[in-house]
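Descriptive analysis of the structure
Listed below, chain by chain, are the residues.
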Amino acid sequence: MSEQIGISVNGQAHEIDVRDDESAVEVLRERLGLTGTKLVCGEGVCGACTVLVDGVPLASCLLPATALDGRTVTTIEGFGPELHPVQRAFVANDALQCGYCTPGFVVEAIAFHDRWRSERGTEEPTREDVIAALAGHLCRCGAYVGIIAAVRDACAGRFDAADPPAPRVEARVKVTGRAIYTADVRQDGQLEGVILRSPHAHARVLLLDLDAARAVDGVRAAVDLLDDERVVRYVGQEVAAVAAVDRSTAEQAVERIAVEYDSLPAAIGMEAARDSGAPQVYTGLRRRAPSSAEGPLFPARWRGNVRGPSSFSKRGRAARRLLTQARADGDPLLVEGRWRTAAQVHTAFEPHACVARWDDGSLQAHVSTQAAAHLAHQIAERFELPEERVRVIAEHVGGGFGAKLALTQEIVAAIELARAARAPVRVVLGRHEELAVAGYRPPAELDLALLASRSGGLRALSVRAHADSGVAVGSSIAALCRFIYPAPAIELLDHDVVNHMPPGKPFRGPGAPVAAWALEQAVDEAAHRLGEDPLALRRRLDPDPLRQRLYERAQGLDVWRGRSQTGLQSGRFRRGVGVAAGNWVYVYQLDCTVEVGIEGGRLFVATATQDMGTGSRSVLADVVGRAFGLESADVEVRIGDSRQLRGPTSGGSRTTATIVPAALEAVARLRAQIVQALGLRDAREDDTGIRHAAGSISWKEAIASAPDVTAVADRPGDDHTASNAAGPLAGAGPAGAVMRWAMRRSMTLEVGRGSTGAVHVSEIEVDTMLGKVRVLRVAAGVAAGRIAAPALARSQCYGGVIQGIGYGLYEQRQADTRDGLVLTAGLEDYRIPGIGDVPEIDIHFMEDGFEHVPGGGVGLGELSTIAVAASVGNAVYNATGWRPRELPIRPDRLVAGLS
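Conventions and cut-offs
- Residues numbered from 1 in each chain as written.
- Predicted model: local features only at pLDDT ≥ 70, side-chain atom pairs only at ≥ 80, totals over all residues.
- Heavy atoms only, no water.
- Axes fitted to C-alpha atoms, helices over the stretch in contact; angles between N-to-C directions.
- Helix = DSSP H or I, 4+ residues; strand = E, 2+ residues; numbered from the N terminus.
- Parallel < 35°, antiparallel > 145°, perpendicular 65-115°, else oblique.
- Left-handed = near helix turned anticlockwise from the far one by under 90°.
- Contact = heavy atoms within 4.5 Å.
- Nonpolar A, V, L, I, M, F, W, Y, C, P; charged D, E, K, R; others polar.
- Patch = residues over 30% accessible without salt bridge, like charges linked within 9 Å, V, L, I, M, F, W, Y side chains within 5 Å.
- Areas by Shrake-Rupley, 256 points an atom, 1.4 Å probe, with all protein chains shown as cover.
- Salt bridge = Lys/Arg side-chain N within 4 Å of Asp/Glu carboxyl O.
- Lys, Arg positive; Asp, Glu negative; His and termini not counted.
- Charge placed at Lys NZ, Arg CZ, Asp CG, Glu CD.
- Phe/Tyr/Trp six-rings, centres within 6.5 Å; stacked < 30°, edge-to-face > 60°.
- Buried < 20%, exposed > 50% of the residue type's maximum accessible area, 1.4 Å probe, protein only.
- Lys NZ or Arg CZ within 6 Å of the ring centre and 35° of its normal.
- Pairing = 2+ DSSP bridges.

Some words on the packing of helix H15 (residues 534-541) against helix H16 (residues 545-555)
Running from N to C, H15 and H16 cross one another at 165°; their axes reach a closest spacing of 10 Å. For the element pair H15 / H16, the angle class is roughly antiparallel. Regarding H15 and H16, the two cross each other, and that crossing is left-handed. Only Gln548, Tyr551, Glu552, Ala554 and Gln555 of H16 make contact with H15, whose side of the interface consists of Leu535, Ala536, Arg538 and Arg539. Counted by class, the contact of H15 with H16 contains four nonpolar, two polar and three charged residues.

Notes on a negative patch on the surface
On the surface, a cluster of negative charge is contributed by Glu3, Glu15, Asp20 and Asp69. Mapped onto the elements of the fold, Asp20 is located in the loop between strand S2 (12-19) and helix H1 (24-31).

Points about the environment of Leu417
Here Leu417 lies in helix H12 (residues 409-421). For the pair Leu417 and Leu776, spaced 359 residues apart in sequence, the C-alpha separation works out to 50 Å. Setting aside chain neighbours within four positions, we find Leu417 in contact with Gly193, Ala221, Ala222, Val223, Ala241, Val242, Ala243, Val425 and Val427.

Focus: the packing of aromatic side chains
Any aromatic ring pair is given by two values, namely how distant the centres are and how the planes are angled relative to each other. Evaluated as defined, the whole model comprises seven aromatic pairs. Residues Phe628 and Trp699 carry aromatic rings whose centres are separated by 5.1 Å and whose planes lie at 85° to one another, so their mutual orientation is edge-to-face. Taken as a pair, Phe628 in the loop between helix H18 (616-627) and strand S27 (635-638) and Trp699 in helix H20 (residues 699-705) lie far apart in primary sequence, 71 residues in all. For Phe628, a relative accessible area of 1% puts it in the buried group. Note on Trp699: relative accessible area 0%, which makes it buried. A connected cluster of aromatic rings, assembled from ring pairs, spans Tyr586, Tyr588 and Phe850. Positioned above the aromatic ring of Phe383, the side-chain terminus of Arg382 is 4.8 Å from the ring centre. Sitting over the ring of Phe604, Arg638 keeps its end group 4.1 Å from the ring centre.

A short note on the sheet that holds strand S1 (residues 2-9)
By definition, the strands of a sheet pair up through backbone hydrogen bonds, in either a parallel or an antiparallel sense. Pairing in this open sheet of five strands is mixed, and the strands run S2-S1-S5-S3-S4 from one edge to the other. Among the strands making up the open sheet, the edge pair consists of S2 and strand S4 (56-59). When strand polarity is set aside, the average angle formed by the axes of neighbouring strands in this sheet is 40°. Across the sheet, H1 lies against S1, S2, strand S3 (50-53) and strand S5 (72-74), angled at about 115° from S2, the strand it touches most. Where helix H3 (residues 102-120) meets the sheet, it contacts S3 and S4, and its direction lies at approximately 40° from that of S3.

Laid out in C-alpha cells, this is it:
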C-alpha cells in the first residue's frame, strides 16, 4: 500500500508516494538524495538519523514516512550556506573522526544551542547539561570529548563570527553532511543487492534453486555465492544474493530462493569444539580456514579443532621447571590464574558496503574499506583481471577498526551481481549482519603464570592462550606478552580453537588488549604480594626507557598519589585507582609511494591510501603544507582511490609511519625541481622559501609561478645510524625473527627499531550494591615519537581510551550455544560507551625516541587503547579487593565476586 504525502524539506515542497512500511530516513536518503542523514541502528538508539520535524529533533529511522505528511523537515543539508555556530565549533574542536555520526550530533546540538541561547543568552552550559542534551547519540570513534567542548563553546558565543581554522581538512564537508560514503553512493540504474544467509551452523547444501527469485518482478540478477565444497560452517554464512530495483523487492526475492540443506553436527563455541568427539570444522589435509590476523599465519599443527601452539619461547623447559617448583613450594610470589575475555564487535557506524559497476571489462567498486590499494589487488586476483582494470574508490570511510581490511563477501556479492545484471549494484549490510557476521575481536581464555622476584626482573613467565575466532585462525595473544617484561625463562603458546561460528577479524591492536588484560593484572597482583607500589614494580621489571619515563610521570600524578590502600574501603560507593602499561610494535609498509606536485598553480599530494577518521588526509596536508610554509587548506589531498600510486593499508598503526616519510622525501625532490624549473641561480631553500642570487621568493610565490611538475618517492628506510632512545629492537631474538619473516610476507611490512609505549592510570567508582563501575578519569601517557597532527592525535587517543572502557565494562556479543545464532541483534543489545560514560581524559604525549624515523613519529591508534581495560580491572581490585578475571566486568559478576 502507498499514499501520497506533501512535505517541506529544507525549504522545498515535495509531493511523494510512500509505502506504508517506509521510514522517514529511507525517503530522505533514497528518494530525495539527502544522504547527510545516516541510517545506522534502525532502532532509534544511535541518533545518526536525527532530523528536525517542525523544529523538534527526532530519530527518522523510527518515524513512518506517512507521518511526515504536512510537516516541515530540516536535515543537516538545510543549515547553510554559512556555517551555524555549532558547526564552526565542531570544526574547531575536532569534534568528529570518521564523521558518520556527525550530522546527527550536529542537528541535535543546533536544536539545543538555539533553545539555550533564546533562554540563557551566552551563559555557558555545564558538561552535564550537554551530556543530557545529547544522551540519545552514540559515536563509535569516541569523539565525545570534542563534541562536549564544541557545544559548550557554541552556546557561550565563542563561534558566532567567522569560520575558525580546521585541524581536520575534511571537517567542513562532514559537519555539513556533504561527505559521501560508500553507503551514500547512488548511480544511474543502480540496483540493490541482498544476501541470503545460512540458517544452519553446519550443513551441506544439496540444492540451490534461484529460478523463483529471478522470476520476481523487479529482480535483475541472482547469483550463487557458495564455493565448490558446498558446505556452510556458521549461521549467517553467505549462500546466494539477489539484485533488484529496490531493497524491498530484493528481500522478497531472497525469501523465494529454494535451498535444501543436509544438516551436519556442529560444535558451537570453544568449550564444545575442544570436547573429545566434537564435530570437526575442517577435515582433510588442506585447511580452508580464513585468517583472523592482519598478516600471514605462523606455521602450526592441527589437533582436531585446535590449531597450535604457535610457540614463542626462551628456555621454555626452564620456565616450566621453575613454575612447577614454585607451585610445589607454595611460593607467594607465584601469580597464576585463568583470565577470559568476550567477543568485542567492531561496530563501525558505516556498515560494510560496496557499489560495483562493470564497464567494458573493467570494474569500478566504491567500497567502505581500510585498504583501497590492497583490495584492488585482491579483487583483480579473485576475478582474474589485470590490476589496471580494477578501480577501488573509498572517498570517505565511516570507521573500520580492523573489520574492513580485506576482500569480504558483500564485495564479492556486489561484483557478481553487477556482472550478472549488467548494471551498478549496491550491497549494504544491515546492523544485525554487522553484529553477527562482519567481524569481532575473538574471545579468549588465558592461563598465565608469572614468577616475580624480590629484586630485579621476572624469573619466569608462561602464557597459554586459546582464542575463539569461529571458523577463522591466526590469533596472536600470548606472543605479545614478551614485549614488556623480559624474563630469562619464558614460554608463550597461542592456540586457535575453530568452531562453527562466524570468523573473527583483527580489531585495534589485535591480541594486545586481551594479553594486557591478563598480564597487567598479574603484575598488579605481584606488586600487591610484594607490598610494592605497582608503578614502582613496573619500573623494576620493564627496561624500556620510554615507558620508564611514563612510569615516573604517572607516579607524580595526584590521582595516583592519593589512591586508597587496597581492600580497606567500606560502604556502598568505593573509589579505586589502577594502572596498566601497553606497547605496540612499530611497523611500516615498504611498497608505498607518495606523489607531491603542482597543478595549475596549486600544490597537491596523492597516494592510494584512505581515511577512516584517523586523519590521514590532514596528516598529509599538514606535512606537505609545513614544508612549503603553507596552511594545510592550501594543499589538495588526493586519496581514497586505488588509481593513485600505491599507498598503505590503514591497520597496525602503519599509515602515518608510512606516508609521512614518503611525503617528506617527495617534498624534498619537488622543491629541487621547482628551483630548477624557475632557473634560479645559487639557490638555497628552506621551509619559508628560496634564497637565490637575485633575491628571495616565498614558496607560495614559487608555486604560483612554477609550471606543472610532480615528484614521487617511496617510503624510505629509517636512519640506522641514529640513536635508538626507544629501546632495543622490538623484534629481536627468535620470536622477532619469526615476526619479521611473517611481516615481510604480508604487504612487505617492515618491523622498525623500537616499540611504542603507553601507561594508563584510571580512577573508577564502584557501586557495590548494583555492581556498577563508573570510570571517573583516565590519565594516559603515550610515547610514539613526534606527533604529526596534534589535535587529531589527541582525538584518536580519546577514542582509544573510550573504546577500551567499552571493552572493559560493557561490550559482549551474545550467541546461542545450541544452534550458533547470534542473539545480539542491534545497538539496543550491544552496549557501547555513550556520551554519559566518558570520563575526564588527560593525554600526555612524549615526542622523542624515534629520531631514527624520517619525520620522527610513528602510529598510535592501537597503542591508545591496549591497556585501558586492564587499568580499569586493577582499579576495581584497588577499590574492592576483588580481582576481576573476566571481561566485561558486568554488574552480576562484580556483585557475585564481592559476595
